[in-house]
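Read off the chains here:
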Amino acid sequence: MGVTRRSNNKRNSKSKKQKTSKHASTSESLADTSTKQLSWPPTDPSAKPLPLDGLLAGLDELLWSAMAHIDPQTSKHQQKKCQVFSREALNLIGMGWVATNTHPYRTALGKGNKYALAMEFFERNKWNPPASLPEIQKVEVVDKELTKSSIFEGSYQHVIQKNIKVMQRELETNGVILIRNAFSNVPENALSMKTNCTPTKIQQTTGNGIAGETKSYYADATSDYWIKVQNHILRGFLCDNDCFEQVKGNKKAIILKYGQGAENHAHQDNNQCDIFPYQATVLFSENFEGGEFYVAFKEESTITRRIVKLENKGDMVIFAASKKSKYFHGMMRVTKGERSAVGLFQPK
Ligand SMILES: O=C(O)CCC(=O)C(=O)O
Ligand SMILES: [Fe+2]
């Protein structure tokens, strides 16, 4: 596993203080026998382990130890929101960019399991971690920019038609391709949202990201324009009409809005389509910084993020998105301005 060790001095000095005060009051420690019987790490048959594949595979021990190092005095922790708690632990091990609320981590990291259990354990144990507590280890993440062979330029229909074989190969090996200036003329109403649908917030307490300074959310797009676009893309990728017929119902577009400071944590969108196991994102703003799109995957013990800078309005990424695959996707922090985009082939 690509991990680096680091000790948490703050926590270590705190635990020493706690030990001292506990020993000072003999009657209290005798009365509190239940805390002494707690074993490390806490065991409960109802607690779900992390899935065996995906970005957090094999990181159970690291997460347990990170949780034990979280300072109970911090205001964040006192919120006792399990998503915020798991986020803090993930941040400590360098994996704070992974979503906790969606496939495949919803049940392993959500309410009423591992994290709730850990919180209960440390509360009952008066936040006095066992002497055998391992040091925090940071997971190494390798960030790589997209290579030239995965970058195309020009109107998407034309570019896909011309390069489909290369594109498919790049998607298989790198998980993502970029088409610069894929769209030039998008109708005015293409960015409008359904009025009767409630936008899904992107925020820490949901586990899907960080809200930023203004509200961040996604919601269904209304414009028929995106139906046409998705049909064109499907026709370009699937030369066989039977295949097209099988997947043509999988079209759905969402509008994504991010405020300054927002992040979309690495996730999979429940995409189960074997014939066209891809999604696409089209950029619709220009005056922002950060907000890089990425595809992340774990191969053996190495976690790689392929980072794609969508720069111009109309730039599009097409990426491997099947939940049966190793590929996750997300967006890095928007450091300046606001970012808007359209997500295509969203699972229903
Ligand atoms: O805004 C982005 O770059 C990513 C959006 C996303 O998660 C999606 O289109 O499924
Ligand atoms: Fe997504």
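Thresholds, definitions, all that
Residues numbered from 1 in each chain as written. Chains lettered and ligands numbered in written order. Predicted model: local features only at pLDDT ≥ 70, side-chain atom pairs only at ≥ 80, totals over all residues. Heavy atoms only, no water. 1 Å grid on protein atoms, 1.4 Å probe; cavity = no way out; pocket = protein on both sides within 12 Å on 5 of 7 lines; lining within 4 Å. Points joined across faces, edges and corners; volume = space filled by probe spheres on them. Helix = DSSP H or I, 4+ residues; strand = E, 2+ residues; numbered from the N terminus. Domains from an automatic or database assignment. Contact = heavy atoms within 4.5 Å. Near = heavy atom within 4 Å. Polar contact = N/O pair within 3.5 Å; in protein donor to acceptor, adjacent residues only side chain to side chain. Areas by Shrake-Rupley, 256 points an atom, 1.4 Å probe, with all protein chains shown as cover. Sits in = over half its atoms within 2 Å of the grid points. Axes fitted to C-alpha atoms, helices over the stretch in contact; angles between N-to-C directions. Parallel < 35°, antiparallel > 145°, perpendicular 65-115°, else oblique. Nonpolar A, V, L, I, M, F, W, Y, C, P; charged D, E, K, R; others polar. Donors = N, O, S within 2.8 Å, 3.2 Å for Na, K, Ca; no water. Buried < 20%, exposed > 50% of the residue type's maximum accessible area, 1.4 Å probe, protein only. Core = buried A, V, L, I, M, F, W, Y, C linked by side-chain atoms within 4.5 Å. Phe/Tyr/Trp six-rings, centres within 6.5 Å; stacked < 30°, edge-to-face > 60°. Pairing = 2+ DSSP bridges.

Caption draft 1: The arrangement of the layout of surface pockets in detail. Considering only enclosed or pocket space, the largest pocket measures out at about 650 Å³ in volume. Around the largest pocket, the lining is made up of 38 residues, and of these Y218, I254, H267, D269 and Q346 lie nearest the centre. Contributions of two or more residues to the lining of the largest pocket are made by strand 8 (217-220), strand 9 (254-258), strand 10 (263-267), strand 11 (278-283), strand 16 (328-331) and strand 18 (339-344). When residues of the lining of the largest pocket are assigned to domains, at least three fall in each of domain 1 (3-139) and domain 2 (142-344).

Caption draft 2: Highlighting the environment of K323. You can see K323 is positioned in the loop between strand 15 (316-320) and strand 16. Taking the C-alpha atoms as reference points, K323 and P277, 46 residues apart in sequence, are found 8.7 Å from one another. Filtering out sequence-adjacent residues up to four positions away, K323 remains in contact with H103, Q268, N270, N271 and Q272.

Caption draft 3: Examining the site of ligand 1 more closely. Every residue near ligand 1 is listed here: L256, Y258, N264, H267, D269, Q279, T281, F293, H329, R339, G343 and Q346. The separation between an oxygen atom of ligand 1 and a polar side-chain atom of H267 is 3.2 Å. At 3.1 Å from an oxygen atom of ligand 1 is found a side-chain nitrogen or oxygen belonging to H329. For ligand 1, the accessible surface in isolation is 290 Å², of which the surrounding protein chains cover 99%. Structurally, ligand 1 is housed in the largest pocket. Every element with two or more residues in the shell around ligand 1 is listed here: strand 9, strand 10, strand 11 and strand 18.

Caption draft 4: How the structure looks around the side chain of E170. Mapped onto the elements, E170 comes out in helix 9 (residues 156-174). In terms of polar contacts, E170 uses its side chain to reach the side chain of S150, at 2.6 Å.

Caption draft 5: Examining the packing of helix 4 (residues 60-69) against helix 6 (residues 82-92) more closely. Packing of helix 4 against helix 6 brings their axes to within 8 Å, and their N-to-C directions diverge by 110 degrees. Judged by the angle between their axes, helix 4 and helix 6 are roughly perpendicular. Facing L63, A66, M67 and H69 of helix 4, the residues of helix 6 in contact are F85, A89, L90 and L92. Across the contact of helix 4 with helix 6, the residue classes tally to 7 nonpolar, 1 polar and no charged.

Caption draft 6: Quick look at the coordination of the iron ion (ligand 2). Protein-derived coordination of the iron ion (ligand 2) comes from H267 (NE2), D269 (OD) and H329 (NE2), at a distance range of 2.1 to 2.2 Å. Along the chain, the residues donating to the iron ion (ligand 2) fall in the pattern H-x1-D-x59-H. No difference in accessibility class separates H267 from D269, as the two residues are buried.

Caption draft 7: Broad picture of the nonpolar core. Formed by 35 residues in total, the largest nonpolar core has its most connected members in I179, W226, I233, F237, M316, I318 and L344. Secondary structure elements with two or more residues in this core: helix 9, strand 5 (176-180), helix 10 (225-237), helix 11 (241-247), strand 11, strand 15 and strand 18. Discounting chain neighbours no more than four positions away, the residues touching M316 are Y156, I177, L178, I179, A182, F183, I233, A280, T281, V282 and L310.

Caption draft 8: Here's a closer look at the packing of aromatic side chains. Taken as a whole and assessed by the stated rule, the structure comprises 12 aromatic pairs. Seen in terms of ring centroids, W97 and Y294 are 5.8 Å apart; in terms of plane orientation they differ by 85 degrees. Their pairing is edge-to-face. Taken together, the residues W97 in the loop between helix 6 and helix 7 (106-109) and Y294 in strand 13 (residues 293-299) connect sequence positions 197 residues apart. Given a relative accessible area of 1%, Y294 falls into the buried group. The interplanar angle of 55 degrees and the centroid separation of 5.6 Å between the aromatic rings of F237 and Y278 together place this pair among those described as tilted. Taken as a pair, F237 in helix 10 and Y278 in strand 11 lie far apart in primary sequence, 41 residues in all.

Caption draft 9: Geometry of the environment of G259. The residue G259 is located in the loop between strand 9 and strand 10 in this model. A relative accessible area of 0% means that G259 is categorised as buried. In this structure the C-alpha to C-alpha distance between G259 and Y217, which are 42 residues apart in sequence, comes to 9.1 Å.

Caption draft 10: Quick peek at the sheet that holds strand 16. Here 6 strands make up an open sheet; going across it, the order is 3-14-13-16-10-7 and the pairing mixed. Of all strands in the sheet, those bounded by a partner on one side alone are strand 3 (141-145) and strand 7 (209-210). The sheet contact formed by strand 13 and strand 14 (residues 302-308) spans 7 bridges and is antiparallel. In the strand pairing of strand 14, K298 is matched with I303.

Caption draft 11: Looking closely at helix 6. Counting buried positions over the 11 residues of helix 6 gives 10, a clear majority of the element. Three or more residues of helix 6 are buried, namely C82, Q83, V84, F85, S86, R87, E88, A89, L90 and L92. Immediately beyond the C-terminal end of helix 6, within one or two residues, lies G94, with a positive phi of roughly 80 degrees.

Caption draft 12: Structural detail: the sheet that holds strand 11. Taking strand neighbours across the sheet as the criterion, the 8 strands line up as 4-5-15-11-18-9-8-6 in an open arrangement whose pairing is mixed. Two strands lie at the open edges of the sheet, namely strand 4 (151-153) and strand 6 (200-201), each paired on one side alone. In the sheet, strand 4 pairs with strand 5 via 3 bridges, with the strands oriented parallel. Bridged to F152 within strand 5 is I179. Against the sheet, helix 10 contacts strand 11, strand 15 and strand 18, and its axis sits at roughly 55 degrees relative to strand 18.

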